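# Remarks on the overall topology
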Amino acid sequence: MPSPTDWIAIDVPELDALPMAVTPRSQNLAARQRFPLHAHRWHQLVYATAGTLVVTVAGAWYVITPEQAIWVPAGVPHTTGTLQGAEFRNLYVADMPGVTMPSRCTVFAVTALLRALIVELEAVSHREEDSRYIDQLNALALAQLARLPAQDFYLPWPHSARLTTICLALYADPADARGLALWGRELGASGRTLARHFEKEVGLSFRAWRYRLRLFLAIEWLCAGRSITDIALSLGYASTAAFTYMFRQEMGAAPTVWRERKAGGLPSSPVLG
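So, here's what we can say about the structure. (Residues numbered from 1 in each chain as written. Predicted model: local features only at pLDDT ≥ 70, side-chain atom pairs only at ≥ 80, totals over all residues. Heavy atoms only, no water.)

## Digging into the overall build of the chain
Looking only at helices and strands, one finds nine helices and 13 strands in the chain. Taken against the 2.2 N^0.38 rule, which gives 19 Å for 273 residues, the C-alpha radius of gyration of the chain at 20 Å falls within 12% of a compact globule. A total of 273 residues make up the chain; the buried ones form 49% of that total. Sequence separation of 24 or more characterises 73% of the internal contacts of the chain that already satisfy a separation of 6 or more. Distance between charge centres in the chain, computed from 25 positive and 23 negative side chains, equals 10 Å. (Helix = DSSP H or I, 4+ residues; strand = E, 2+ residues; numbered from the N terminus. Rg over C-alpha atoms; globule rule 2.2 N^0.38 Å. Buried < 20%, exposed > 50% of the residue type's maximum accessible area, 1.4 Å probe, protein only. Contact = heavy atoms within 4.5 Å. Lys, Arg positive; Asp, Glu negative; His and termini not counted. Charge placed at Lys NZ, Arg CZ, Asp CG, Glu CD.)

## Looking at the pairing of strand E3 (residues 33-38)
Bridge count for strand E1 (residues 8-9) against E3 is two bridges, and the pairing is parallel. Counterpart to Ala-9 in the pairing with E3 is Arg-34. With three bridges joining them, E3 and strand E9 (residues 78-81) adopt antiparallel strand pairing. By the bridge assignment, Arg-34 is partnered in E9 with Gly-81. (Pairing = 2+ DSSP bridges.)

## Thoughts on empty space enclosed by the protein
Scanning all chains against the criterion turns up one cavity of 30 Å³ or more. Counted as a void, the largest cavity has a volume near 50 Å³. For the largest cavity, the full set of lining residues is Val-12, Pro-13, Arg-25, Phe-35, His-38, His-40, Gln-44, Thr-80, Phe-88, Asn-90 and Tyr-92. Broken down by secondary-structure element, the contributors of at least two residues to the lining of the largest cavity are E3 and strand E10 (86-93). (1 Å grid on protein atoms, 1.4 Å probe; cavity = no way out; pocket = protein on both sides within 12 Å on 5 of 7 lines; lining within 4 Å. Points joined across faces, edges and corners; volume = space filled by probe spheres on them.)

Right under this line is the structure:
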């Protein structure tokens with residue numbers, strides 16, 4: 001996760017109460033803009049119709065493509081930003097009985113129907129419309145939310161200063177191939193100690209975490225239009241073939257195919273579990 005000084009802070013919208021049980025909110029975010037840490041009295045489905053969002057919750061980093069959304073329950077502190085720019089389109093959902101959604105932050109694959117509902121809810125908020133039609137949209141949106149397939153796709157982030165130093169360095173230069181033994185010499189700890197703390201804080205081995213970081217950055221850079229060769233070399237892969245193999249294993253398609261599907265509005269969600 002970039003350090004706070006890398007982000008451009010933007011104001012969290014002031015809203016005392018929701019005008020409807022399901023309230024859309026849209027805003028176009030420029031590169032590196034981010035809402036600072038905040039929480040709502042209502043639930044939120046964080047989504048972008050274009051671009052990639054970075055959502056942080058309790059030390060976890062979620063990279064959300066337009067095929068995904070993250071459910072943030074009421075009262076959970078979080079940040080939302082974008083590294084390359086995004087069309088931020090989300091739903092505020094009242095904390096009321098009958099909302100059968102998880103009590104923890106969860107990433108979901110977004111169906112074509114839900115995407116269309118989000119777009120329509122945002123559109124009707126700017127025009128005169130029959131209240132019965134809006135109620136029907138709200139009910140259908142809530143029904144769709146409850147049917148979304150969940151995905152275990154996020155990047156956990158450590159809390160300690162030493163491990164944060166390592167992760168920030170790898171974020172800035174994912175091609176850095178240093179192992180924990182070399183990092184330990186620089187940070188004054190043994191490789192074994194760093195490995196033990198890494199698994200305890202992050203829940204993944206250092207190698208697995210770096211692998212996942214590279215995948216997250218690959219998604220971000222593909223969405224930004226960078227070439228496959230440039231991405232492969234920047235991530236530290238010896239060849240485009242090696243990078244393509246990794247990406248196909250995790251995303252179910254080669255990078256070029258994945259990007260074409262995304263551009264055409266077809267599903268391109270991860271299979272990482």
